[in-house]
Amino acid sequence: MSSRRILVTAALPYANGNIHIGHLVEYLQTDIWVRFQKLRGHECRYFCADDTHGTAIMIRARQEGRSEEELIADMREAHVRDFARFDIEFDNYGSTNSDENRQLCEQIWKSIRDANLVKEKEIEQLFDPEAGTFLADRFVKGTCPKCGAENQYGDNCDKCGSTYSPADLIDPKSALSGATPELRTARHLFIELEQHHEFLNEWTQSGKHLQPEIANYLKGHFLGEELRDWDISRPAPYFGFEIPDAPGNYWYVWYDAPIGYIASTWEWCKKNQVELDDWWRNDETEIHHFIGKDITYFHTLFWPAMLKTAGLALPDRIHIHGFLTVDGEKMSKTKGTFIQASTYAEHLDPNYFRYFVASKLSSRVDDIDLNFDEFKTKVDSDLVGKVVNIASRCAKFVSGSTLSEEYPDDEGLFQLASDAGSRIAEHYEKCEYSSAIREIMVLADRANQYIENKEPWVVRKDKDRQAELQQICTVGLNLFRQIVIYLAPVLPKLASETEKLLNFEIKNWDESASPLVGTPVGKFQHMMTRVDPKKVEQMIEESKDAASVESAPASNFNDGPEALEKEPMTEEHCTIDDFLKVDMRVARVIEAGHVEGADKLLQLKLSLGGDETRNVFAGIKSCYNPEDLVGRLVVCCANLKPRKMRFGVSEGMVLACGPGGKDIFLLNPDDGAVPGMRVH
RNA sequence: GGGGCUGUAGCUCAAUCGGUUAGAGCAGCGGACUCAUAAUCCGUUGGUUGUGGGUUCGAGUCCCGCCGGCCCUACCA
């Protein structure tokens, strides 16, 4: 097989946050693929970098009272440490805030200008006069113009779901300074993507570069109509690179981020005395990007258009993966499933996660789910019970001795496994890791069966059969070694421990096809332990704590979790139909009085307007005087089945909240509501 | 509202181009073994492929409707 030159990237993590287990899926998917390619003898390089620019970084640095450079330096250190703990090995890890990146941004910009793709447009945007900066939509909060809900973001309302422009908000406030933003106009630079429409149509639909579902998505979504201009500049102040021919304007972070792939490559080239053009202007180089589905847009439309304009090599393949869910749901800070990479690594072996992710990943865009029961089962039974067990059952019988000088008859098992090697390789190549893993586990099953049938523990007892014992173990350990080579991209630690045990070095995938003979066998040491469910629990607990500490200062309202803890949320959903069964109405209290003989109850007469009234007994005596209630509006359930009580029939229920005793709070409709209105 | 993806055993997933009786692993059940980290091995239960139609000699696979799930979008991407 001829050696390929392969350039691989994973998306650049944003310097505003720590690496969490969701991110890891991508870096692991990529790392496994790169390790696989290297093991196959190809010239493969893995480049990544921190994505450091943008408003969010600028604002955070300001809040923390330090420079952006200090902030991104710290975050970079944290990122690099997290990756290392998970054995994610980059050939170069750069930064988008580098000289290389600035130069490349300028070069590419020049090509884009020369190609006449840039135009200027005035746009209106909210400006924070105190902070002296334009505000992205999510930095503006105010009252929803449609439904009146307070404290909503500038782009849409979570209460009523309507969308609007931040300028439509009632009483808008800057989330930065609390000042009232002004509407200002600014000139922005745009790239006319439409000029590349035909090229993008062809490139995305060729079937060579994208998964089919992604190609369809683009076709149905963007390519069916005129491509919109891409707003590529941001006025000062902005943390990023200033556009040389438009002073006071900076490149939008999504312009320089992907260029960071090239910048990181360049840094590596400089360190290794290699020409950048050999990698980015060379048809012989394969370029592979691994990204998450959330940033499809940038990598499948803008990025190819930019590269083409600049005369750089286009990616051969963009591998797009789904998100990681935990227990079938989005990762949640309150549930403790928003787990930082560092928190994970403090409690659990990163190899577990590498294996688990590999066993779930395919080439499709589907989300993958982490369920800790499944996680434990998979790691325990596959890795400990099956794979490592093979070595564990054989090694001690030949420890201190050697493998047989000649590879013994093994009923064709070694050959079978080496035939499987090409299929497994193909699965890795196509990013079908789950299939690769499944196939490898079949080999582990067969090896265990072999040992079972040969009963080395019986043979051992017979002095005349020691050569046979050595042969059995030679076969067992060679089958183990094959499996470890196949798993090496996923489990590099297991590979290196096996190298020590069997005194050899894994250099190439093809070594799996020839057996190891005559070499010394070391002392077997446990290579992996079972997943400790207590550690999983601790990790989740710690993730909860970390999340609450982190999120507390972020919110302007320091509402504690006590109420929810006292009365946890109902797990089960109700349907809209269920909800509609409950007919809740605004009502006016027209009579209220004590109930003789009752400790907690007040008797209320509610008017729903007109002649419609309800007699209701409410357990609110401890908190309300009857005379204070008369005349006020309440919310009641008007179709509650009438219930006979000791003191009379209750025909409804008044809505109130609170734990009881001295703390009961009636719900109160806002001004304007009148009796009889239904609550929706 | 528009679009994409998806639904196979209790759970996680296979099933080539439409081709025989829809297969694995885990869990469950019954046995064996005791070398191995309560590991392993043998056997076994389990499916009207979400649902209703259609095309076909033949449909898990292709087409249409319905139901459910996930996601993107709804004029900043």
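About the thresholds
- Residues numbered from 1 in each chain as written.
- Chains lettered and ligands numbered in written order.
- Predicted model: local features only at pLDDT ≥ 70, side-chain atom pairs only at ≥ 80, totals over all residues.
- Heavy atoms only, no water.
- Helix = DSSP H or I, 4+ residues; strand = E, 2+ residues; numbered from the N terminus.
- Buried < 20%, exposed > 50% of the residue type's maximum accessible area, 1.4 Å probe, protein only.
- Contact = heavy atoms within 4.5 Å.
- Areas by Shrake-Rupley, 256 points an atom, 1.4 Å probe, with all protein chains shown as cover.
- Pairing = 2+ DSSP bridges.
- Right-handed = clockwise from strand over helix to strand, strands pointing away.
- Salt bridge = Lys/Arg side-chain N within 4 Å of Asp/Glu carboxyl O.
- Near = heavy atom within 4 Å.
- Polar contact = N/O pair within 3.5 Å; in protein donor to acceptor, adjacent residues only side chain to side chain.
- Phe/Tyr/Trp six-rings, centres within 6.5 Å; stacked < 30°, edge-to-face > 60°.
- Lys NZ or Arg CZ within 6 Å of the ring centre and 35° of its normal.
- Core = buried A, V, L, I, M, F, W, Y, C linked by side-chain atoms within 4.5 Å.
- Axes fitted to C-alpha atoms, helices over the stretch in contact; angles between N-to-C directions.
- pLDDT = per-residue confidence, 0-100.

**Q** Help me understand the overall build of chain A, please; the structure alone is not making it clear to me.
**A** A tally of helices and strands in chain A yields 21 helices and 25 strands. By residue count, 50% of the 680 residues in chain A fall in the buried class. For chain A, the proportion of contacts with a sequence separation of at least 24, taken over those separated by at least 6, is 72%. With the model as given, the accessible surface of chain A reaches about 33,000 Å², and the carbon-plus-sulfur share is 47%.

**Q** Looking at this structure, I do not really get the environment of Glu541. What am I missing?
**A** Along the chain, Glu541 falls in helix H18 (residues 533-551). According to the relative accessible area criterion, Glu541 is partly exposed, its value standing at 40%. Taking C-alpha positions, Glu541 is 6.2 Å from Gly336, a pair spaced 205 residues apart along the chain.

**Q** Honestly, the environment of Ala358 in this entry has me stumped. Any pointers?
**A** Position of Ala358 relative to the elements: it lies in helix H11 (residues 350-360). Measuring from C-alpha to C-alpha, the distance between Ala358 and Ala263 comes to 29 Å, with 95 residues separating the pair along the chain. Dropping the residues within four chain positions of it, Ala358 is found in contact with Ile32, Tyr433, Ser434, Ile437 and Val490.

**Q** What is the right way to read the pairing of strand E1 (residues 5-10) from this model?
**A** The buried fraction of E1 is high, at five of six residues. Relative to strand E13 (residues 285-292), E1 runs parallel, the two sharing six bridges. Opposite Leu7, over in E13, you have Ile287 as the bridge partner. Here E1 pairs with strand E2 (residues 43-50) via five bridges, running parallel. Each residue of the ladder has a partner; that of Thr9, found in E2, is Phe47. The β-α-β motif built from E1, the intervening helix H1 (residues 21-39) and the parallel element E2 has right-handed crossover chirality.

**Q** How should I be thinking about the pattern of salt bridges in this particular structure?
**A** If the charged atoms of two oppositely charged side chains come close together, the side chains can form a pair. Counting across every chain of the model gives 35 salt bridges. Here Lys386 makes a salt bridge to Asp445, at a shortest N to O gap of 3.4 Å. One end of the pair, Lys386, is in helix H12 (residues 372-398); the other, Asp445, is in helix H14 (residues 433-454), with 59 residues separating them in the sequence. We classify Lys386 as partly exposed; its relative accessible area is 22%. Given the relative accessible area of 30%, Asp445 is considered partly exposed. Close ionic contact of Arg393 with Glu452 constitutes a salt bridge, the shortest N to O distance being 2.9 Å. Taken together, the positions of Arg393 in helix H12 and Glu452 in helix H14 put the pair 59 residues apart, joining distant regions of the chain.

**Q** How do you make sense of the protein's contact with RNA strand B when you look at a structure like this?
**A** Near RNA strand B lie 40 residues; those nearest to it are Tyr297, Phe298, Ser392, Arg393 and Met528. Among all atoms of RNA strand B positioned within 4 Å of the protein, those belonging to sugar or phosphate total 76%. Taking Glu374, its side chain carries an N or O atom lying 3.4 Å from a sugar or linking oxygen of RNA strand B. For RNA strand B, a base nitrogen lies 2.7 Å from a polar atom in the side chain of Arg393.

**Q** Where do I start with the sheet that holds strand E23 (residues 653-654) in this structure?
**A** The pairing of strands in a sheet happens through backbone hydrogen bonds and is either parallel or antiparallel. Read across the sheet, five strands follow the order E19-E18-E17-E20-E23 without closing on themselves; strand pairing throughout is antiparallel. Both outer strands of the open sheet, strand E19 (613-618) and E23, are each paired with one neighbouring strand and no more.

**Q** Can you walk me through the packing of aromatic side chains in this structure?
**A** Two aromatic rings, taken as a pair, are described by how far apart their centres are and by the angle between their planes. Within the structure shown, the criterion is met by 33 aromatic pairs. A ring pair is formed by Tyr428 and Tyr433, whose centres lie 5.9 Å apart and whose planes are at 55 degrees; its orientation type is tilted. For Tyr428, a relative accessible area of 0% puts it in the buried group. Three or more aromatic residues link up through ring pairs in this structure, and these residues are Phe222, Trp230, Trp254, Tyr297, Phe298 and Phe302. The side chain of Arg5 reaches across the aromatic face of Trp279, ending 4.8 Å from its centre.

**Q** Quick question: what am I supposed to make of the pairing of strand E9 (residues 182-191) here?
**A** In regular strands, side chains alternate between the two faces of the sheet. Taken together, the ten bridges between strand E4 (residues 118-128) and E9 define a ladder with antiparallel strand orientation. Considered in E9, the bridge of Phe127 is made with Glu182. Alignment of E9 against strand E10 (residues 230-231), held across two bridges, turns out to be antiparallel. The partner of Phe190 across the bridge, within E10, is Asp231.

**Q** Which parts of the structure should I look at to understand the nonpolar core?
**A** One broad trend across soluble globular proteins is that nonpolar side chains are buried collectively. In this structure, Trp280 and Phe353 are the most contacted members of the largest nonpolar core, which totals 167 residues. Of all the elements, H12 adds the most residues to this core, at 13 residues. When near neighbours in sequence (up to four residues on either side) are disregarded, Trp280 contacts Leu7, Tyr261, Ile262, Thr265, Ile287, His289, Trp303, Leu307, Leu312 and Ala313. The next biggest cluster of nonpolar side chains, apart from the first, holds 17 residues, and it includes Val634, Ala638, Val654 and Ile664.

**Q** Hey, could you run me through the sheet that holds strand E14 (residues 317-321) in this one?
**A** In space, the five strands of this open sheet follow the order E3-E2-E1-E13-E14, with parallel pairing throughout. The strands lining the two open edges of the sheet, one partner per strand, are strand E3 (92-95) and E14. Going across the sheet, the axis of each strand differs from the next one's by a mean of 20 degrees, ignoring polarity. Two elements, E2 and E3, share four bridges in a ladder whose sense is parallel. Bridge pairing links Ala49 to Gly94 in E3.

**Q** Help me understand the side chain of Asn351, please; the structure alone is not making it clear to me.
**A** Examined against the element boundaries, Asn351 turns out to sit in helix H11. Here Asn351 falls in the buried class, since its relative accessible area comes to 7%. Each residue touching Asn351, except ones within four places of it in the same chain, is listed here: Asp87, Leu491, Lys493 and Met528.

**Q** Explain the side chain of His79 here, please?
**A** Relative to the helices and strands, His79 resides in helix H3 (residues 68-85). Taking relative accessible area as the criterion, His79 reaches 0% and is therefore assigned buried. At 2.7 Å, the side chain of His79 and the side chain of Asp50 are in polar contact. Setting aside its immediate chain neighbours within four residues, His79 contacts Pro13, Tyr14, Ala15, Gly17, Asn18, Ile19, Asp50 and Tyr93.

**Q** Quick question: what am I supposed to make of unusual backbone geometry here?
**A** Leaving glycine out, the prevailing phi sign among residues is negative, and the prevailing peptide bond configuration is trans. With an omega of -5 degrees, the peptide bond running from Ala236 to Pro237 counts as cis. Along the chain, Pro237 turns up in the loop between strand E11 (233-235) and strand E12 (249-251). In the Ramachandran plot, Asp87 falls in the positive-phi region, its phi being about 55 degrees despite a non-glycine side chain. Positioned with a positive phi, Gln273 is a non-glycine residue whose angle comes to about 50 degrees.

**Q** Teacher, can you tell me more about the confidence of the model for chain A here?
**A** Caution applies to low-pLDDT regions: their predicted coordinates should not be interpreted in detail. Of the residues in chain A, 88% have a pLDDT of 70 or more, and the chain-wide mean is 85. When mean pLDDT is taken per element in chain A, E3 scores highest with 97 and helix H19 (residues 562-566) scores lowest with 56. Between residues 548-558, whose pLDDT stays under 50, and residues either more than four places distant or in other chains, the model counts three contacts.

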